[in-house]
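Letter by letter, the chains look like this.
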Amino acid sequence: MTPFNINKIRSEFPILSEKAYGKPLVYFDNAASSQKPKVVIDALVDYYSSYNANIHRGVHFLSQKASAAFDAVREKVKTFINATSEREIIFVRGTTEAINLVASTYGRKNIGQGDEILISAMEHHSNIVPWQMLCEEKGAVLKVIPMNEKGELMMNELPALLTEKTKFVSVVHISNSLGTINPVKEIIRQAHAKGIPVLVDGAQSTAHEIIDVQDLDADFFTFSGHKILGPTGVGCLYGKLHLLEAMPPYHGGGEMISSVSFEKTTYNEVPFKFEAGTPNIADVIALGTAIDYWNQLDRQAVSAWEKELLNYATKLISEIPAVRLIGTAENKASVISFVIEGVNALDAGMFLDTKGIAVRTGHHCTEPVMQFFKIPGTLRASFMFYNTKEEIDSLVENLTKAIALLQPHSVA
Ligand code: PLP
């Protein structure tokens, strides 16, 4: 029993009635990108077909309408993540750009030779590489909070890793490859006790948790629109206002300036200081529609359903003899990653694909996680509230067939 009308919800996502190779589509690649409700798709079409114009600079009707629609989204995001001011919301392309922005501005200004930046063992590449680039440039050192065999951060190691050299902490809220929900509030508490700012990578968590940046006390928080029912190419960086105000700009160009002469340029106020050039107007507006969609959902019911899907899938998949789960943390989001003894994850993924089942295989942009578990990659099924137990049954049935077909000793 779903705690809400799942058929109604599914009917609101056009793609869920599509077929793949003539079979009903089973979409279990939600951690990579979520599907979009029709209202979000309509918002894009509506903008381009009825009020497409550049914003903030036009005196005409279309520009004013587009500007109002765009500006309203900042307020929506502010409420969605409980920021204190809409000025703390910066529109970016997604989590990757948000982290690069912080590394390039806050990082370049505040991190120097011999300083340490602390991340965790389960970061997505986008929360590793920008910091490595900064370390290379500044002669700083990247440190890592280790994890255990269940894929949980070893919090007992944290106090010793937060030293007088630590100048920044950047951690993932929910791991995309393991599903682990990290105790970010506690990490922030310990870092703040030593005066160290913390960025939380919310690329996965924003779709599964109710985000309250004030309660977390995060200094920076990032998310991507496409993972929360919105379009690709848009995301948000939240930053505490006093930090954003002290940071140098990121990209130079129009909109981010207050005045320009050949002798001197002065910068616009936050958030515009970080939004050079024409923004992604259509996608920001449609992100606002995605947030409206979230707001009319019963988030508690959604969470409960996702938990039920996770428990159901975990039980069935772990009962398959050849399967080993990767990521068995106590506190997990609706992501299940596993390897199959004697079967290449890619082969199994391709078999499932022929049955209309979309899963992801590989390292999921978390190569260090795969190195830790000494595996080349996993097969990952990630669920969203619009998924069903029948879809999981289909996954399990076809996984069993894939194993029978692909496992060498089962051929005879
Ligand atoms: N961080 C995590 C945990 C992710 O799962 C992802 C995407 O999969 C990213 C960062 C990067 O997000 P994007 O590609 O939308 O910038």
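Residues numbered from 1 in each chain as written. Predicted model: local features only at pLDDT ≥ 70, side-chain atom pairs only at ≥ 80, totals over all residues. Heavy atoms only, no water.

J.: I would appreciate a short explanation of the overall build of the protein chain in the present structure.
T.: Within the protein chain one finds 15 helices and 17 strands. Against the 2.2 N^0.38 benchmark of 22 Å for 412 residues, the protein chain shows a C-alpha radius of gyration of 22 Å, consistent with a compact globule. If one aligns the C-alpha atoms of the protein chain with their principal axes, the spans along those axes are about 80 × 55 × 35 Å. Relative to its 412 residues, the protein chain shows a buried fraction of 54%. Counting contacts in the protein chain only where the partners sit at least 6 residues apart, residues at least 24 apart contribute 72% of the total. Entry remark: accessible area of the protein chain is about 17300 Å², with carbon and sulfur atoms responsible for 55%. Of the side chains in the protein chain, 38 bear a positive and 46 a negative charge, and the two mean positions are spaced by 1 Å. (Helix = DSSP H or I, 4+ residues; strand = E, 2+ residues; numbered from the N terminus. Rg over C-alpha atoms; globule rule 2.2 N^0.38 Å. Buried < 20%, exposed > 50% of the residue type's maximum accessible area, 1.4 Å probe, protein only. Contact = heavy atoms within 4.5 Å. Areas by Shrake-Rupley, 256 points an atom, 1.4 Å probe, with all protein chains shown as cover. Lys, Arg positive; Asp, Glu negative; His and termini not counted. Charge placed at Lys NZ, Arg CZ, Asp CG, Glu CD.)

J.: Is there a simple way to think about the pattern of salt bridges in this case?
T.: In a structure, side chains of opposite charge can pair up when their charged atoms sit close to one another. The full count for this structure, using the stated rule, is 20 salt bridges. Measuring nitrogen to oxygen at the nearest pair gives 3.3 Å for the salt bridge that ties Arg-10 to Glu-391. Pair noted here: Arg-10 is in helix α1 (residues 6-11) and Glu-391 is in helix α15 (residues 389-406), with a separation of 381 residues, a long-range link. Glu-391 carries the same exposure label as Arg-10, and that label is buried. The partner of Asp-29 in a salt bridge is Arg-360, with the nearest N and O atoms 3.1 Å apart. Here Arg-360 lies in strand β16 (residues 360-362) and Asp-29 lies in the loop between β3 (26-27) and α2 (38-50), a separation of 331 residues in the sequence. Residue Asp-29 is classed as buried on the basis of its relative accessible area of 9%. The exposure class of Arg-360 is partly exposed, given its relative accessible area of 36%. Via salt bridges that share partners, Asp-29, Arg-360 and Arg-380 belong to a single interconnected network. (Salt bridge = Lys/Arg side-chain N within 4 Å of Asp/Glu carboxyl O.)

J.: Got a minute to help me understand the domain arrangement of the protein chain in this structure?
T.: Think of interface size as the accessible area that goes away when the parts come together; that is how it is often given. Domain annotation for the protein chain reports domain 1 (6-30 + 298-406) and domain 2 (41-295). Listed per partner, the contact involves 34 residues of domain 1 and 30 residues of domain 2. When domain 1 packs against domain 2, close to 2700 Å² is buried across both sides, 58% of that on carbon and sulfur atoms. Together, Arg-299, Cys-365 and Phe-372 form the three largest contributors to the area buried by domain 1 at its contact with domain 2, with a combined 23%. Taken together, the connections running from domain 1 to domain 2 amount to one salt bridge. Across the pair Glu-330 and Lys-150 runs a salt bridge, and its minimum N-O distance is 2.7 Å. Listed by contribution, the elements that provide at least two residues to the side of domain 1 that touches domain 2 are α12 (299-318), β14 (335-340) and α14 (367-373). A breakdown of the residues in the side of domain 1 that touches domain 2 according to their chemical character gives 17 nonpolar, 10 polar and seven charged. (Domains from an automatic or database assignment. Buried area = accessible area lost by both parts, 1.4 Å probe. Nonpolar A, V, L, I, M, F, W, Y, C, P; charged D, E, K, R; others polar.)

J.: Before we go on, may I ask you to explain unusual backbone geometry in this structure?
T.: Backbone geometry follows two general trends: most residues other than glycine have a negative phi, and most peptide bonds adopt the trans configuration. The step from Val-270 to Pro-271 runs through a cis peptide bond, and the omega angle for that step is 10°. With respect to the secondary-structure elements, Pro-271 resides in the loop between β12 (265-267) and α11 (281-296). Here the phi dihedral of Asn-82 falls at roughly 55°; this positive angle occurs in a residue that is not glycine. If you trace the backbone, Asn-82 turns up in the loop between α3 (61-81) and β4 (89-92). On the basis of relative accessibility, which here comes to 30%, the residue Asn-82 falls in the partly exposed class. Unusually for a residue other than glycine, Glu-255 sits at a positive phi of about 70°. When you line up the elements, Glu-255 lands in the loop between α10 (241-246) and β11 (257-260).

J.: Even after reading the chapter, I still don't get the site of the ligand, so can you show me in this structure?
T.: For the ligand, the set of nearby residues contains 13 residues, the closest of which are Thr-96, Asp-201, Gln-204, Ser-224 and Lys-227. Measuring from an oxygen atom of the ligand, one finds a side-chain N or O atom of Thr-96 at 2.6 Å. The side chain of His-124 places a nitrogen or oxygen atom 3.4 Å from an oxygen atom of the ligand. For the ligand, whose unbound accessible area comes to 390 Å², protein coverage reaches 85%. Looking at the shell around the ligand residue by residue, the classes come out as two nonpolar, nine polar and two charged. (Near = heavy atom within 4 Å. Polar contact = N/O pair within 3.5 Å; in protein donor to acceptor, adjacent residues only side chain to side chain.)

J.: Would you explain the sheet that holds strand β9 (residues 220-224) in this entry?
T.: Backbone hydrogen bonds hold the strands of a sheet together, and the pairing may be parallel or antiparallel. The seven strands lie next to each other as β4-β10-β9-β8-β7-β5-β6, forming an open sheet whose pairing is mixed. Where the open sheet ends on each side, the last strands, each with one partner, are β4 and β6 (141-145). Ignoring which end each strand starts from, the neighbouring axes of this sheet average 20° apart. Pairing of β9 with strand β10 (residues 235-239) involves five bridges; the strand directions are antiparallel. Pairing of Phe-220 across the sheet is with Gly-239, part of β10. Against the sheet, helix α4 (residues 95-110) engages β4, β7 (166-172), β8 (198-201), β9 and β10, with an angle of about 155° to β9. (Pairing = 2+ DSSP bridges. Axes fitted to C-alpha atoms, helices over the stretch in contact; angles between N-to-C directions.)

J.: What is the right way to look at the sheet that holds strand β13 (residues 323-325) in this model?
T.: If you trace the four strands from one edge of the open sheet to the other, you get β13-β14-β17-β16, paired in antiparallel fashion. What marks the edges here is a single partner per strand, and that holds for β13 and β16. On average, adjacent strands in this sheet sit at an angle of 30° to one another, irrespective of strand direction. Relative to β14, β13 runs antiparallel, the two sharing three bridges.

J.: Could you clarify how one ought to interpret the packing of aromatic side chains in this entry?
T.: How two aromatic rings sit relative to each other is set out by the distance from centre to centre and by the angle between their planes. For the structure shown, the criterion picks out 15 aromatic pairs. An aromatic cluster is defined as three or more aromatic residues linked by ring pairs; in this entry it consists of Phe-13, Tyr-293, Trp-294, Phe-385 and Tyr-386. Positioned above the aromatic ring of Tyr-312 is the side chain of Lys-389, whose terminal nitrogen or guanidinium carbon lies 5.1 Å from the ring centre. (Phe/Tyr/Trp six-rings, centres within 6.5 Å; stacked < 30°, edge-to-face > 60°. Lys NZ or Arg CZ within 6 Å of the ring centre and 35° of its normal.)

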